[in-house]
Amino acid sequence: MPEISLFYGIRVTMYYDDHNPPHFHAEYNNNKALIEISKARISKGFLPSKQMKLVLAWCEIHHDELMQNWELAKDGKELNNINPLM
């Protein structure tokens, strides 16, 4: 599962050949969540409130890049790193 970004202790990854809808995974201190890209919302799992807000803001900022990575992952191609939240 390739890491595509890391910021404020939050690790963001995306699986190859994963199920729809397009999403990514975020992990912080043993808390894990699946985030739907198009709706910028947690669809499964949990993140503490502060980290959840950071991840969802990052998702909205990088929506197009996340969707490009989703397409690359579906095709089994190398994923691009996405700039962390600063």
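Look up: the structure comes first, before these words.
Residues numbered from 1 in each chain as written. Predicted model: local features only at pLDDT ≥ 70, side-chain atom pairs only at ≥ 80, totals over all residues. Heavy atoms only, no water.

Draft legend 1. Fine view of the packing of aromatic side chains. Applying the stated criterion to the full structure yields three aromatic pairs. Seen from their ring centres, Phe-7 and Trp-58 are 5.4 Å apart, and the 35 degrees between their planes marks the pair as tilted. Of the two residues, Phe-7 is situated in strand β1 (residues 3-7) and Trp-58 in helix α1 (residues 49-61); the sequence distance between them amounts to 51 residues. Both residues of the pair, Phe-7 and Trp-58, count as buried. An aromatic cluster of at least three residues, connected via ring pairs, comprises Phe-7, Tyr-8, Phe-24 and Trp-58. (Phe/Tyr/Trp six-rings, centres within 6.5 Å; stacked < 30°, edge-to-face > 60°. Helix = DSSP H or I, 4+ residues; strand = E, 2+ residues; numbered from the N terminus. Buried < 20%, exposed > 50% of the residue type's maximum accessible area, 1.4 Å probe, protein only.)

Draft legend 2. Fine view of α1. Between its terminal C-alpha atoms α1 stretches 18 Å, which fits the 18 Å expected from 13 residues at 1.5 Å a residue. Among the residues making up α1, those that are buried are Gln-51, Val-55, Leu-56, Trp-58 and Cys-59. Looking down the long axis of α1, one finds its buried residues gathered within 160 degrees of arc, a one-sided arrangement. The exposed residues of α1 that point more than 90 degrees off its buried face are Lys-50, Lys-53, Glu-60 and Ile-61. Buried residues along α1 sit in contact with β1, β2 (10-13), β3 (23-28), β4 (31-36), β5 (41-45) and α2 (63-74). (Expected span 1.5 Å × (residues − 1). Arc of directions from axis to C-beta. Contact = heavy atoms within 4.5 Å.)

Draft legend 3. Structural detail: the side chain of Ser-5. Assignment of secondary structure puts Ser-5 in strand β1. With relative accessibility at 4%, the residue Ser-5 sits in the buried group. At a separation of 2.9 Å, a polar atom in the side chain of Ser-5 contacts the main-chain carbonyl oxygen of Ile-82. Every residue in contact with Ser-5, bar those within four places of it in the chain, is listed here: Ile-10, Arg-11, Val-12, Trp-58, Ile-82, Asn-83 and Pro-84. (Polar contact = N/O pair within 3.5 Å; in protein donor to acceptor, adjacent residues only side chain to side chain.)

Draft legend 4. Representation of the nonpolar core. Formed by 23 residues in total, the largest nonpolar core has its most connected members in Ile-4, Met-14, Phe-24, Ile-35, Val-55, Trp-58 and Leu-66. Elements represented by at least two residues in this core include exactly β1, β2, β3, β4, α1 and α2. Setting aside chain neighbours within four positions, we find Val-55 in contact with Phe-7, Ile-10, Phe-24, Ala-26, Ile-35 and Leu-47. (Core = buried A, V, L, I, M, F, W, Y, C linked by side-chain atoms within 4.5 Å.)

Draft legend 5. A look at the pairing of β1. Examined bridge by bridge, β1 and β2 share four bridges and lie antiparallel to one another. For Leu-6, the partnering residue across the bridge sits in β2 and is Arg-11. Between β1 and β2, which pair antiparallel one after the other, the connecting turn spans two residues, and Tyr-8 there sits at a positive phi close to 50 degrees. (Pairing = 2+ DSSP bridges.)

Draft legend 6. Layout of the pattern of salt bridges. Across all of its chains, the model carries three salt bridges by this definition. Residues Arg-41 and Glu-36 are paired through a salt bridge, measuring 2.9 Å at the closest nitrogen-oxygen approach. Accessibility expressed as a relative area gives 36% for Arg-41, which makes it partly exposed. Take Glu-36: its relative accessible area is 7%, and that puts it in the buried class. For Lys-74, the salt bridge identified is with Glu-71, shortest N-O distance 3.6 Å. Here Lys-74 and its partner Glu-71 are both found in helix α2, three residues apart, which amounts to about one turn of the helix. What makes Glu-71 partly exposed here is its relative accessible area of 38%. (Salt bridge = Lys/Arg side-chain N within 4 Å of Asp/Glu carboxyl O.)

Any functional reading would require information that these geometric values do not contain.
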